[in-house]
Amino acid sequence: MADEFEPKILGILCNWCTYAGSDLAGTSRIQYPPNVRVIRVMCTGRIDPAFVMEAFSLGADAVLISGCHIGDCHYIAGNYKARRRIALTRKVIEQFGIDPRRLKMTFVSASEGALWAEVVKDMVNTVKKLGPTPVQKKADLHEAGHAPAGADDDLAEIAKASAGVKLEAAPVQKK
């Protein structure tokens, strides 16, 4: 039996709608893949793009953000703000070589447990087709000794460039 790639997906869910919807899916015993690790936030408007970047840097294969439907936010405009931030974050991650399909934002209410299960199934299938995140592949190659480490290469280049060069200290100014 071959090892099938099982993606690790970080789910950042709004407390009021999607978290309750995922809970409904669980209590209704709706089957869906267990690939999403959930973090609950009070509102998707709270999500900083740095959270997404850190998730990818720590090895997440994808990030799924889900909150209230547009117009139903408990904090009035949090999901509007999140939608704009996520659209911009997709452009940023693409610049880093990460496929923008690895970052998805959905809107699932507390009464849509079946929709939550479909969202998760769709995300898992999409990420399985994409394969492991390129960040993880790079880290795996480095651990196996097949790829040079970025920071170590930079230090080696600096050492090579400064070989034989006398460094001078900056003059200390007296008061």
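- As annotated in an unreviewed UniProt entry, the protein chain is F420-non-reducing hydrogenase iron-sulfur subunit D from Methanocella paludicola.

**A short note on the packing of helix α2 (residues 49-57) against helix α3 (residues 78-95)**
Working note: a packed helix pair is described by the angle between its axes plus the distance between those axes.
Now for step 1: Interaxial distance between α2 and α3 falls to 10 Å at its minimum, and their mutual angle equals 40°. Classified by the angle their axes make, α2 and α3 are oblique. Crossing of α2 over α3 shows right-handed handedness. The residues of α3 that touch α2, namely those facing Pro49, Val52, Met53 and Phe56, are Arg85, Thr89, Val92 and Ile93.
Now for step 2: Counted by class, the contact of α2 with α3 contains six nonpolar, one polar and one charged residues.

**Things to note about the packing of aromatic side chains**
Now for step 1: Applying the stated criterion across every chain, the model contains zero aromatic pairs.
Now for step 2: When the ring centre of tyrosine 19 is taken as origin, the NZ or CZ atom of arginine 40, which lies over that ring, is 4.2 Å away.

**What about the pairing of strand β4 (residues 103-107)?**
Consecutive side chains of a regular strand alternate in pointing toward one face of the sheet and then the other.
Now for step 1: Relative to β4, strand β3 (residues 62-67) runs parallel, the two being bridged by five bridges. From the neighbouring strand, isoleucine 65 faces β4, where its bridge partner is methionine 105.
Now for step 2: Handedness of the crossover is the feature at issue here: the chain leaves β3, passes through α3, returns alongside β4, and the resulting connection is right-handed.

**Quick word on the pattern of salt bridges**
Now for step 1: Considering all chains together, one arrives at five salt bridges under this definition.
Now for step 2: Note that glutamate 4 and lysine 128 form a salt bridge whose closest N and O atoms lie 3.1 Å from each other. Taken together, the residues span a long stretch of sequence, with glutamate 4 in the segment before β1 (9-14) and lysine 128 in helix α4 (residues 113-130) at a distance of 124 residues.
Now for step 3: Accessibility expressed as a relative area gives 57% for glutamate 4, which makes it exposed.
Now for step 4: Among the residues examined, lysine 128 registers a relative accessible area of 29% and is labelled partly exposed.
Now for step 5: Across the pair aspartate 99 and arginine 101 runs a salt bridge, and its minimum N-O distance is 2.8 Å.
Now for step 6: What makes aspartate 99 partly exposed here is its relative accessible area of 23%.
Now for step 7: By sharing partners, the salt bridges in this structure join Glu4, Glu6 and Lys128 into a single network.

Conventions we followed
- Residues numbered from 1 in each chain as written.
- Predicted model: local features only at pLDDT ≥ 70, side-chain atom pairs only at ≥ 80, totals over all residues.
- Heavy atoms only, no water.
- Axes fitted to C-alpha atoms, helices over the stretch in contact; angles between N-to-C directions.
- Helix = DSSP H or I, 4+ residues; strand = E, 2+ residues; numbered from the N terminus.
- Parallel < 35°, antiparallel > 145°, perpendicular 65-115°, else oblique.
- Left-handed = near helix turned anticlockwise from the far one by under 90°.
- Contact = heavy atoms within 4.5 Å.
- Nonpolar A, V, L, I, M, F, W, Y, C, P; charged D, E, K, R; others polar.
- Phe/Tyr/Trp six-rings, centres within 6.5 Å; stacked < 30°, edge-to-face > 60°.
- Lys NZ or Arg CZ within 6 Å of the ring centre and 35° of its normal.
- Pairing = 2+ DSSP bridges.
- Right-handed = clockwise from strand over helix to strand, strands pointing away.
- Salt bridge = Lys/Arg side-chain N within 4 Å of Asp/Glu carboxyl O.
- Buried < 20%, exposed > 50% of the residue type's maximum accessible area, 1.4 Å probe, protein only.

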